Every structure is written in C-alpha cells, then in structure tokens.
Amino acid sequence: MKSLFHHNYLKLLIATSFLTMAVQISQAQTPRLQLNSLDHLAAKASETVDVSIDERLIQTAIKIFKDEDPDEREIKKLVSGLKGIYVKSFEFEKEGEYTTADLQAVRVQLQDPAWSRIVNVSSKKDGNIEVYLRMHNDQIIGLAVLSAELKELTIVNLIGPVDLEKLTKLEGRMGVPELGIEPTKPKTKNEQ
Amino acid sequence: MSDDYLWDKRGEPDPDVQRLEQILGTLRYQEKPLEFPEQIAPARSINPVFLLAIAATLLIALVAAGLWLMVRKNQMPRNQLAIAPAAHSTPKPEKEAIAPNKPKTAEPVAANNPETQRRPHFAKAKIPAKPALSPMEQQEAFAAKQQLLLALRLASEKLNEVQRRTVAPTTPMKNQHKVG
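On a predicted model such as this, the values are computed, not experimentally measured, just so you know. (Residues numbered from 1 in each chain as written. Chains lettered and ligands numbered in written order. Predicted model: local features only at pLDDT ≥ 70, side-chain atom pairs only at ≥ 80, totals over all residues.)

**Description of the overall build of chain B**
A tally of helices and strands in chain B yields seven helices and zero strands. Counted from the first residue to the last, chain B has its helices and strands arranged as α-α-α-α-α-α-α. In chain B, buried positions account for 11% of the 180 residues. (Helix = DSSP H or I, 4+ residues; strand = E, 2+ residues; numbered from the N terminus. Buried ≥ 20, exposed ≤ 12 C-beta atoms within 10 Å, placed from the backbone.)

**Points about the interface of chain B and chain A**
The interface is formed by 45 residues belonging to chain B together with 54 residues belonging to chain A. Mapped by element, the contributors of at least two residues to the side of chain B that touches chain A are helix 3 (48-89) and helix 7 (135-167) of chain B. In terms of residue count, helix 7 of chain B provides more of the side of chain B that touches chain A than any other element does, 27 residues in total. (Contact = placed C-beta atoms within 7 Å.)

**Let's talk about the packing of helix 2 (residues 55-62) of chain A against helix 7 of chain B**
A pair of packed helices can be characterised by two numbers: the angle between their axes and the separation between those axes. In the contact formed by helix 2 of chain A and helix 7 of chain B, the axes pass within 8 Å of each other and the chain directions differ by 105°. In terms of axis orientation, helix 2 of chain A runs roughly perpendicular to helix 7 of chain B. Mapping the contact onto sequence places Leu-57, Ile-58, Thr-60 and Ala-61 of chain A in helix 2 of chain A and Glu-137, Glu-140, Ala-141, Ala-144, Lys-145 and Leu-148 of chain B in helix 7 of chain B. (Axes fitted to C-alpha atoms, helices over the stretch in contact; angles between N-to-C directions. Parallel < 35°, antiparallel > 145°, perpendicular 65-115°, else oblique.)

**Concerning the confidence of the model for chain B**
Residue and element names in this part refer to chain B. When the pLDDT values of chain B are averaged, the result is 70; 57% of them are 70 or greater. Averaged pLDDT values over the elements of chain B bottom out at 40 in helix 4 (residues 91-98) and peak at 89 in helix 2 (residues 15-25). Below pLDDT 50 for its whole length, residues 78-112 participates in 15 contacts with residues either more than four positions away or in separate chains. Contacts of residues 115-125 to residues separated by more than four positions or lying in other chains number one contact, the stretch itself having pLDDT below 50. (pLDDT = per-residue confidence, 0-100.)

**Some details on unusual backbone geometry**
The phi angle at Asn-137 of chain A is positive, at roughly 50°, despite the residue not being glycine. The residue Asn-137 of chain A is located in the loop between strand 4 (128-136) and strand 5 (139-148) in this model. Since 9 C-beta atoms lie within 10 Å of it, Asn-137 of chain A is described here as exposed. Its identity is not glycine, yet Lys-9 of chain B carries a phi of approximately 55°, on the positive side. Take Lys-9 of chain B: it is sitting in the loop between helix 1 (4-8) and helix 2.

Written out as structure tokens, the structure is:
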C-alpha cells in the first residue's frame, strides 16, 4: 500500500513538473520581451523613458483620439490592433555606461527562433540598431527594435499586427519630430 | 420448607441456595468506570512526510493552473490577431464576390431612392454613442495617449534611423561621374 502511494505520488509529481515546464515554455513564446533586467541602468542614465502600455490602456487612449483629425485617425488605425507597447530608453551623459552584458538578457529572448532579425546596422561611430520581427501565419505579431548607441540605449517592443510602413511614416506627425529623412518614393502606377 | 428464601430472602435459608449464591455471586454485575485498553487507541498515525508530499503536490498543481490560466489569457489576443488583418482586407472583395454582376447604375438609383436614403439615418441611430468618459478615465486616457505617442515617436525614429543608415551607403554613387 505504502509503495503504491509512493509510486502514484511520483507519477503525479512528474506529470505536474512537465505541465509546469510546458506552461513556462509556452509563456516564453509570447512576443513580449522581459525588459526588467535593464532597470538598473536608470540610476546611471541622465534621461530615462519607460513606457509600458497594455491592450487595455491602448484601448483607453484610443477613445480620446479625434476621428476628425486625419493624423489622429491614422495613429488610431495604427495602434488599434496592438496588444501592447513597451519601450525602455536610457540616455547617458558619457559613453560606456552600459555594457553588452546588460543587453544579454534581452538578446537571449530575441535568439528564440520565433524572432527573426530583419535588419542589423552596425557602426563604431553611431552604434548598432537591430530590428526583429515575429511572424505568425505571414502576419507580424511582434516587433522589437534594439538600438545600442554610444550614449543611448533604446529598446522598443510592439505586440500585435504592426504596419511598419505606417509606423516609419509617423515621424513628423502629431508632434513627432522629423529627422529630415527622405521618405521612400511612392510607387507609380506603372510600378504597381 | 418454604421457597421464600429463594425468592425474597425471607424465612429460613436453604444451605444449597446459599452455596449457589456464593458461587454465582462472584459473577454479579459490578459497577466501575469505563476504561479503554491502550491497544484500542488509534494505532496508526499519518506520516508527516506524506502530508507534506500531498501539500507540495497541491501547491505545484495550483501554481501550474495559475500559469496555465495566465498563458491562456496571453494567447487569446494572438488568436484574435490572425482574424484582425483578415477583417481589414476582406470587405471589398466580399462585396464584389456577393454581387459581381451588379450594374454600376445601382448606386445612383439607390441614392435617389428615398427609402434607401433613410437607411443611413436609421443606421446612425442604431450605432451606440461613445460612452462618455469620467474625469478619472479621461485623465488616464490622456496619460496613456501621451505615453503612446512617445513610444510611437521612439519606434518611428529608430526605424527611420535604420532606413537612413541602410540607404546611406548607396548615396555616394550619385556623385560618381559617368565613365566614357
């Protein structure tokens, strides 16, 4: 009787452990990045931006966007499908305030095969910018931008169907400053 | 000799009856307090290790269930994501699919029809008005909007930066002179 109890208990324990592991694995497959490992950099930074907006907050914000304003209408359309917007940005007074080790926890998450790096721009002078996308059935369900400049570290994580073209064109609208970059030429009728 | 002694101990005692009384008297009922022998007391006590094991299993199961619920909640929007883009792209083709041979004059006719003219008005009345936000909600919405714009600004800025830096190497080509 005693051995039977032990046997059943072991079975149950193993099954529960597997279940817990499966749950943890599936949780790791969500397109949201865990950025808490960077929080300690806030103490060194001269300027910190920490944005964390979940789906509920996005829907709340959408309520006060004016449909009459074409810019607001455009932004509303862009964000209405999003499930979360998470940004961490640190601006430092001098170089070398953060190391690659600080970014390791984020990079490990982006090494997941579900994420694919579409752009990697490296420069000793300007730093690196990497853009990652997460797809599901040919649809973008997650975007991650990792910008590691000499005096600035920015990580953007958008969850949901992201329209990259619209997002790129957003600069210069709604109080969003423009960098003076030439926009991509619109396609002519013949090209279409 | 009467039997009175046998019945109610009156009269002359009978020696045989007295002898029997002595013999059987030892078996008479004697009142005494109830005492359980020690052997009857609960013999088996539950092993605390088993109790701990059961408690640990229940705890693990609870944690697992909680995690599962959390993951399920997280994955629900993802399922909706697959549907959302389809909803954006389908309306036009659907209309065409439903009435591919629809004459082009149908629209003006419908526009002139007073019955159909009334429809949008009717439909407008059916659309529920936007619920008015309480001051607290307005404040929250305003703060969320500011954060949202800030996040979008950063995202857009970084994407433009990528675009600029990826396009930049090709620009010197413009300054090159044609050979020949």
